[in-house]
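# Tertiary structure, described
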Amino acid sequence: MKVVKFGGSSLASGAQVEKVFHIVASDPERKIVVVSAPGKRYSDDIKVTDLLISCAEHYLNGEDASELVETIIGRYKSIADELNLSNNIIEKITDDLLSLLNGDKDNPASFIEAVKASGEDNNAKLIAAVFNHKGLETHYVSPKEAGLLVSNEPGNAQVLPESYERLYELKKQSGIIVFPGFFGYNTEGDVVTFSRSGSDITGSILANGIKADLYENFTDVDAVYAVNPNIVKNPKEIRELTYREMRELSYCGFSVFHDEALIPAFRAGIPVNVKNTNNPEAPGTLIMSARENINGPVVGIASDDKFCSIYVGKYMMNKEIGFGRKILLILEEFGLSFEHIPSGIDDITIIVRQNQMDEEIEKSIVKRIIDDLDADEVRVEHDLALIMLVGEGMRQKVGTAARASNALAAANINIEMINQGSSETSMMFGVKDAVEKKAVQALYEEFFAEVKVR
Ligand SMILES: Nc1ncnc2c1ncn2[C@@H]1O[C@H](COP(=O)(O)OP(=O)(O)O)[C@@H](O)[C@H]1O
Ligand SMILES: N[C@@H](CC(=O)OP(=O)(O)O)C(=O)O
């Protein structure tokens, strides 16, 4: 039995939904279909989720949002019209959206969550109607009815473990199940969404819940590429990846698959196959526990920007028991999570995502570190990009760091910091945001030979 997830790009128009139908109908193992809200039809288009967020904000501010509502409904209607569906389903979607928008706003965060999630919810109803219209027995199942319980963290929900046993019951349902991605319910019965692009997470949770043989994640590219295709033209396709490699790559910018979506599939040992809705015959990329290492040391190069580093220097830091703990405690008090901690004998650098810290918080943290820890120097550096070289093969191969730093030096790029994960499957280079793309291109040329860069 397979769980199949279709992203917003695969459901953006009637023509795309038609492809989705054929993919599902062509394999009886494809039992559970997780859907996102309609996504972009062309590069400047706006995702339905973004339209909904904007619409909810207009309502909260008491502003007129009739044009936005019309555009959102229009997105569903154009799919229904292209596929000759009756207007009944569009009337239901319209009623649902309007009653949400005109409903309770006492808790603005909950209101936004419910409106945001309606993109997936209404699309699941629409897709189920399309499949039935085409003669395939299909049932829309709501996350509430199925028992997909999540923590109460709006925009960052985490699945509650008791969900899995309930979701197993879905196996008993006849026909195809269409299940909306991106959200679950807290124990109070309110909608809570995962982080953005979180329908990938729903698919993985369901795959774990029903103990699927395979989780297929359909998107708009033939495979996971060795580097972001928006940075390097026609990059090499990756055939196989381990869960750990994919997690490192998606955490650091491979937006094709959500990094949090790996954990449920990994825990149940379910392989994930990233495939293309526009070319379903292509094998795609298979993500699993172990793979044969037939390529070089590096399997992929990912990058992400908007990090900053907090440098703390103190003579004899290495002798001071509890120094690291005390710094992390200060960050914890300000609600900051950290990404990496490269250190020396007399200094330690803590890398955090920049959006967690405004100017005021930054000043307070620096002051606390100086006052409480009697540090000699505290410096915050902004606008850093992290570039991650990833590959299980690095463990056996000598000289990867040297090759990478030579390639960066040849491109005249200053390395701000280097960190190698203790698993030895990744190596991180910090550079200035402004040279991120150039650095990725230089590394790609070094490890993946002759390529034309964008
Ligand atoms: N390394 C990569 N390999 C493939 N695609 C990538 C990579 N890094 C970024 N992407 C981008 O991810 C996009 C697919 O993800 P997304 O837009 O979230 O799809 P969906 O709408 O199916 O959820 C691709 O079109 C591509 O631009
Ligand atoms: N629609 C949601 C969830 C999602 O997963 O979408 P997509 O599959 O289009 O990335 C978002 O835009 O965040």
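Residues numbered from 1 in each chain as written. Chains lettered and ligands numbered in written order. Predicted model: local features only at pLDDT ≥ 70, side-chain atom pairs only at ≥ 80, totals over all residues. Heavy atoms only, no water.

## Details of the site of ligand 1
Keep this limit in mind: Proximity is defined per residue: any heavy atom of the residue falling within 4 Å of a molecule or strand makes that residue near it. Within 3.5 Å is the distance limit for a polar contact, defined as a pair of N or O atoms, with the added protein rule that one can donate a hydrogen and the other accept it, and that residues adjacent in sequence qualify only through two side-chain atoms. Here the accessible surface of atoms and residues is derived via Shrake-Rupley with a 1.4 Å probe, and residues count as covered only by protein chains that are part of the display. Note on conventions: DSSP H or I runs of at least 4 residues are helices, E runs of at least 2 residues are strands, and numbering of each starts at the N terminus.
Taken together, 18 residues lie around ligand 1, and Ser9, Thr219, Asp220, Tyr225 and Phe254 are the ones closest in. With respect to ligand 1, the side chain of lysine 5 contributes an N or O atom lying 3.4 Å from an oxygen atom. At 3.4 Å from an oxygen atom of ligand 1 is found a side-chain nitrogen or oxygen belonging to asparagine 230. Summarising the interface, the protein chains cover 84% of the accessible area of ligand 1, which totals 580 Å² for the free molecule. Of all the elements in the fold, those that place two or more residues in the shell around ligand 1 are strand S7 (214–219) and strand S8 (224–225).

## Structural notes on the packing of helix H3 (residues 66–82) against helix H5 (residues 108–133)
Operational definition: Every axis corresponds to a line fitted to the C-alpha atoms, with the helix fit spanning only the stretch in contact, and the corresponding angles, defined between N-to-C directions, vary from 0 to 180 degrees. Note that the term roughly parallel is reserved for angles under 35 degrees, roughly antiparallel for angles over 145, roughly perpendicular for angles of 65 to 115, and oblique for everything else. Crossing handedness follows the turn of the near helix against the far one: under a right angle anticlockwise gives a left-handed crossing, and clockwise gives a right-handed one. Here a residue-residue contact requires only that any non-hydrogen atoms of the pair lie within 4.5 Å.
The N-to-C vectors of H3 and H5 enclose an angle of 15°; their axes lie 11 Å apart at closest approach. When the interaxial angle is binned, H3 and H5 end up roughly parallel. The handedness of the crossing between H3 and H5 is right-handed. Across from Tyr76, Ile79 and Ala80 in H3, the residues of H5 making contact are Ser118, Gly119, Asn122, Asn123 and Leu126.

## Quick look at the packing of aromatic side chains
Note the following rule: Classification of ring pairs rests on two measures: the distance between centres of Phe, Tyr or Trp rings, Trp counted by its six-membered ring, which must be within 6.5 Å, and the angle between planes, read as stacked under 30 degrees, edge-to-face over 60 and tilted in between. Relative accessibility decides the category of a residue: with a 1.4 Å probe and only protein chains considered, values under 20% of the type maximum give buried, values over 50% give exposed, and everything between is partly exposed. Remark: a charge is flagged as sitting over a ring if the NZ atom of Lys or the CZ atom of Arg is within 6 Å of the ring centre and within 35 degrees of the ring normal.
The final tally for this structure, using the stated rule, is six aromatic pairs. Their ring planes at 70° and their centres at 6.0 Å tell us that phenylalanine 183 and tyrosine 185 sit as a pair that is edge-to-face. By relative accessible area, phenylalanine 183 is classed as buried at 1%. Judged by relative accessible area, tyrosine 185 falls into the buried class, the value being 14%. Considering the side-chain rings of tyrosine 243 and phenylalanine 266, the 5.3 Å spacing of their centres and the 75° angle between planes classify their relative orientation as edge-to-face. A residue pair is termed long-range when its members are at least 10 positions apart, and tyrosine 243 in helix H9 (residues 243–251) and phenylalanine 266 in helix H10 (residues 262–267) qualify at 23 residues. For phenylalanine 266, a relative accessible area of 48% translates into the label partly exposed. Over the ring of phenylalanine 21 we find lysine 134; its NZ or CZ atom is 5.3 Å from the centre of that ring. Here the guanidinium or amino end of arginine 379 rests over the ring plane of tyrosine 311, the centre of that ring lying 4.4 Å away.

## A closer look at the site of ligand 2
So the rule is basically this: Residues were grouped as follows: Ala, Val, Leu, Ile, Met, Phe, Trp, Tyr, Cys and Pro as nonpolar; Asp, Glu, Lys and Arg as charged; and all remaining residues, including Gly, as polar.
Taken together, the residues surrounding ligand 2 are Lys5, Gly7, Gly8, Ser36, Lys47, Thr49, Glu120, Phe182, Arg196, Ser197, Gly198 and Ser199. Glutamate 120 has a polar side-chain atom sitting 2.8 Å from a nitrogen atom of ligand 2. A distance of 2.7 Å separates an oxygen atom of ligand 2 from a polar atom in the backbone of serine 197. Grouping the amino acids of the shell around ligand 2 by side-chain chemistry returns one nonpolar, seven polar and four charged.

## Observations concerning the environment of phenylalanine 111
Checked against the element boundaries, phenylalanine 111 lands in helix H5. Ignoring sequence-local partners within four residues, the contact set of phenylalanine 111 consists of Ala56, Tyr59, Leu60, Leu100, Leu101, Asp104 and Lys105.

## Comments concerning the packing of helix H2 (residues 48–60) against H5
Where H2 meets H5, the axes come as close as 8 Å, and the angle between the chain directions of the two elements is 150°. Here H2 is positioned roughly antiparallel relative to H5, judged by the angle of their axes. In the crossing of H2 with H5, the sense of the turn from one axis to the other is right-handed. Along its contact with H2, which presents Val48, Thr49, Leu52, Ile53, Ala56, Glu57, Tyr59 and Leu60, the element H5 presents Pro108, Phe111, Ile112, Val115, Lys116, Ser118, Gly119 and Glu120. Of the residues that constitute the contact of H2 with H5, the class distribution is ten nonpolar, three polar and three charged.

## Some points on the pairing of strand S1 (residues 2–6)
The line we're drawing: Between any two strands, at least two bridges found by DSSP are needed for them to pair.
Among the five residues of S1, five are classified as buried, and the element is accordingly described as predominantly covered. Burial along S1 is two-sided: the face carrying Lys2, Val4 and Phe6 and the face carrying Val3 and Lys5 are both buried. Taken together, the five bridges between S1 and strand S2 (residues 30–35) define a ladder with parallel strand orientation. Looking across to S2, one finds that lysine 2 is bridged to arginine 30.

## Re the UniProt feature "binding site: substrate" (unreviewed entry) in the protein chain
The line we're drawing: UniProt positions are given in the numbering used here, feature names are shortened, and annotations may be inferred rather than shown by experiment.
Here, the residues flagged by UniProt with the feature "binding site: substrate" (unreviewed entry) are Thr49 and Glu120. A maximum C-alpha distance of 8.2 Å is found for the annotated residues, which run over 72 residues; spatially they form one tight group. Structurally, threonine 49 is set in helix H2. By the secondary structure assignment, glutamate 120 is in helix H5. Contacts of glutamate 120, omitting those with residues within four sequence positions, involve Val35, Ser36, Ala37, Thr49, Pro180, Gly181, Phe182, Phe183 and Ser199. Among the polar contacts made by the side chain of glutamate 120, one reaches the main-chain amide nitrogen of alanine 37 at a distance of 2.7 Å.

## Thoughts on the sheet that holds strand S15 (residues 377–390)
Pairing within the open sheet is antiparallel, and its five strands lie in the order S14-S13-S15-S17-S16. Whereas interior strands pair on both sides, the edge strands pair on one side only; in this sheet they are strand S14 (347–353) and strand S16 (417–420). In this sheet, neighbouring strand axes are inclined to one another by 35° on average, regardless of whether the strands run parallel or antiparallel. Direction of pairing for strand S13 (residues 300–313) relative to S15: antiparallel, over a ladder of eleven bridges. Note on S15: the bridge partner recorded for isoleucine 301 is leucine 389.

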